[in-house]
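# Working through the structure, step by step
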Amino acid sequence: MTATKEEANPLAEGLQLRRRPDPCILVIFGASGDLTTKKLLPALYALAVRRLLPDNFAIVGAARSTETDDGFRERMQQAVKDHARDPFDDETWERLASAMRYVTLDFADDKGEDELAQVLTDLDKEHNTRGNRVYYFAVPPSAIGTLIEEIAERRSAEGWVRLVIEKPFGHDLESAKELNALLQKNFTEEEVFRIDHYLGKETVQNMLALRFANGIFEPIWNRQFIDHVQITVAESIGIEGRAGYYEQAGAIRDIFQNHLLQLVAITAMEPPIDFTADMVRNEKLKVLKAMHTPGPKHIVRGQYGPGFVEGVEVPGYREEQGVDPSSTTDTFVAAKLFVDNWRWADTPFYVRMGKRLARRETTIAIQFKRAPHPPFEDGAGEEGLRPNVLLIHVQPNEGVSLAIGAKVPGQGMRIRTVHMDFLYGGAFREGLPDAYERLILDAMLGDQTLFTRSDEIEEQWSLVDAIVAFWQRDRPQFPNYAAGTWGPTAADELLHRDGRSWRRH
Amino acid sequence: MAPPLNAGIIEDDWTGEDVSIAQIERELARLRVDSAEESAQPNLRTSVMTHIAWVPPEWQHAAEETLAGMAERHPSRTLLLVPKPDEDDGLDAQLSIRCFPIGDRAVCGEVIELILRGDRAAAPASIALPLLISDLPVFIRWRGEPQWDSPELAQLVGIVDRLIVDSTEWKNLPAGYARLVELFDRVAVSDIAWERTERWRALLASLWPGIRDVKAIRVHGTAAQGYLLAGWLRSRLGHGVEVEVDEHERLEGVDLDGEPAPFPPGKPPVASDVLSAQLDRFGRDPVYEAAVRAAT
């Protein structure tokens, strides 16, 4: 008897079959850039080590610089040796490198596109990749438009297409809408993956687990019990030679518009009906729509001057190579935001982000209201009577801490704040995957849950445009904070006015 | 005094003869305090489970080796119960704190090795129960073939969530599987021998539908792997499958009706990886249970 194709395979039941994508080719535009060497290739190598890539898989690097296939492979091999989280293994590398090609491509030139199309067709035949394509745009926004049209024009009748688009997605609301319109003209929303690598971080996803897998938090996750929320995205590094990009973007477009607002959305969102892409994104969108534009008094911008970071003297922003000596670009933003809905009305979300701050740290701190009436005598310890704080460490030291007051052993009643810690590295000793591993794999699988939808992007830009519009009315006194500190004093005053302060570090 | 935190795995030990449970708890607390450097932040005691191992003396060395490869991945309290019923009555303990650095702190697990002498060997549950960490799952790894009618097995099965055996260690096959089936309604069971067939089962599943009418298999591996693969095919395909075992220390091939199946990709997992995978599972495995029932 012949089995029909539709008959379920009884032998597959119970096997932990890993999610493996369809055969495909990954095309990286911007293959000569830092993102490719420091993040994308190491992530692909990590996936190869864990056998999560399809058996029939090829990588094509495309960039303006002239390079041979062998030269590209050698450069990528070095990138993996320098940046991968796994030890280098010849067999794994050979598996990955054997189907790796390079195409020199001037992004405005049809000839290069023709050559790319030919290489892809050849690879389809050699590796049976069935016309499936993931195009990864690790290029400046100015180059994306032309590429999208070229790809659409040469789209094969066979297979699927997925476009992974790096931030920044546009530079304001208008340009983001234009880019979305161009994408929607040529592709469906299901084919577009706007990447915000913060969403690929385990700890950001753990916020969803913390909130929606634990019965104890959600009932108190609202204005009745939470005094305020503080979100910090701090970097100790400067602009790392990216003056051209940063002068145009500043902290508001580099971090606030994407990572920061996504962290706010995940913290404040309602429980999704299920963990599918649209359900999660619908809930995030509601938060973004409920955020009103902060007034000028509720937003602080800053720019670092010279200072010391980890004992090393560093130049100010205006002294960085390629930066206008009178630049008014913001390297720091702090804001008091409100989510105007039933759950969060009147609960401030204080956010701050910046470069050349005292240390690298991304945290979400949920500060609860004080105990209403501590029955202890004076002197029980002001320290111990501080409010509880639930602290989500996004990076580094990934994990969760809860600050509680505890009695100091001995006579009398003295109270001190102590931390109960859950460290990811402590409970789960397997190394955390890099965000790009998760996101590249999800894009290959067609899972958009951790990617940003067009309407989310537009809401984010709408908020940023309104803030930038305020800023254009005056000329800031920059620099206004020294490198290696926690930003301008105005950022402290933003909270002091409300009788609060930034968390101690 | 414990060595500094950046020295990799830090171990601090305490050994006692004729000890009480209270003494064990007290010494563990002291070891935890001592394992932190003076003036440094206290180490974290992190546990995701209590892991009991029932280790007859002849298995003691192998058990310790497996634990050494696994402790870092599953921070836990590990209770190594070594029965010595022929010795004078008493309880001896060796306690150690094993810490693994994370940044400027360290995460510590605890290993409690207990020699159950004389009558104590017959009442292991009463010794293990007060040492279990509350609210966390309890796994027991049973080395060798259990004495199926022994009170020790009955007691320990009653206090754990999961029994982990390795039927490769059994001499009495396939009869032992019939006795194992009797435990299925009392405790979730997993078998390391079964785990070791996983990549082969995935390979055989990929041969569907060509494999659906297979009548006989020849397994180049352990007897346990042969019986379990045959039981799996019988239970999944719903018809008889003859089995012949060509004994090897590890699973090296499977012939289907005389034709060798292709080799599965990847390398076979090491012992601690296999046990580690079992410790990540919590519920019953109906596919395994059906395979065991059909293996006899």
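None of the values given here were measured: they were computed from a predicted structure.

Tallying secondary structure elements over chain A gives 13 helices and 18 strands in all. Rg of the C-alpha trace for chain A: 25 Å, near the compact-globule value of 23 Å for 505 residues, within the 12% margin. For chain A, the spread of C-alpha atoms along the three principal axes comes to 80 × 65 × 40 Å. Taking all 505 residues of chain A together, 41% fall into the buried category. Within chain A, contacts between residues at least 6 apart in sequence are counted, and of these 79% link residues at least 24 apart.

Hydrogen bonds between backbone atoms are what pair the strands of a sheet, whose relative direction is either parallel or antiparallel. All names here are of chain A. Reading across from one edge, β3-β2-β1-β4-β5-β6 is the order of the 6 strands in this open sheet, with parallel pairing throughout. The open sheet is flanked by β3 (100-104) and β6 (192-194), the only strands paired with a single partner. Strand-to-strand twist across the sheet, computed as the mean angle between neighbouring axes with direction ignored, equals 20°. Where strand β2 (residues 57-63) and β3 come together, 5 bridges link them in parallel fashion. Counted as the bridge partner of Gly61 is Tyr102 from β3. The sheet contacts of helix α4 (residues 110-127) involve β1 (24-29), β2, β3 and β4 (133-137), and relative to β3 the element is tilted by about 165°.

So, on to the domain arrangement of chain A. When the domains of chain A are assigned, the result is domain 1 (21-166) and domain 2 (199-432 + 452-496). Between domain 1 of chain A and domain 2 of chain A, the C-alpha centre-to-centre distance is 35 Å.

As a further point, take the pairing of strand β7 (residues 226-234) of chain A. All names here are of chain A. For β7, the buried fraction is high: 7 of the 9 residues fall into the buried class. Pairing of β7 with strand β14 (residues 361-368), which is carried by 8 bridges, proceeds in the antiparallel orientation. When the sheet's bridge partners are listed, Ile226 is paired in β14 with Phe368.

To continue, consider the confidence of the model for chain B. Residue and element names in this part refer to chain B. Averaged over chain B, the pLDDT score is 84; the fraction of residues at 70 or greater is 84%. Counting interchain partners and residues more than four positions distant, the pLDDT-below-50 stretch residues 1-8 has 13 contacts. Interface confidence for the predicted complex, given as ipTM, is 0.76, next to a pTM of 0.77.

What follows covers the sheet that holds strand β13 (residues 259-260) of chain B. Residues and elements named next belong to chain B. Taking strand neighbours across the sheet as the criterion, the 4 strands line up as β11-β10-β12-β13 in an open arrangement whose pairing is mixed. The open sheet is flanked by β11 (242-247) and β13, the only strands paired with a single partner. Relative to β13, strand β12 (residues 253-256) runs antiparallel, the two sharing 2 bridges. Each bridged residue has a counterpart across the sheet, and for Asp255 the counterpart in β13 is Pro260. Its contacts with the sheet put helix α8 (residues 223-237) on β10 (216-221), β11 and β12, and the angle it makes with β10 is roughly 150°.

Rules behind the numbers
- Residues numbered from 1 in each chain as written.
- Chains lettered and ligands numbered in written order.
- Predicted model: local features only at pLDDT ≥ 70, side-chain atom pairs only at ≥ 80, totals over all residues.
- Helix = DSSP H or I, 4+ residues; strand = E, 2+ residues; numbered from the N terminus.
- Rg over C-alpha atoms; globule rule 2.2 N^0.38 Å.
- Buried ≥ 20, exposed ≤ 12 C-beta atoms within 10 Å, placed from the backbone.
- Contact = placed C-beta atoms within 7 Å.
- Pairing = 2+ DSSP bridges.
- Axes fitted to C-alpha atoms, helices over the stretch in contact; angles between N-to-C directions.
- Domains from an automatic or database assignment.
- pLDDT = per-residue confidence, 0-100.

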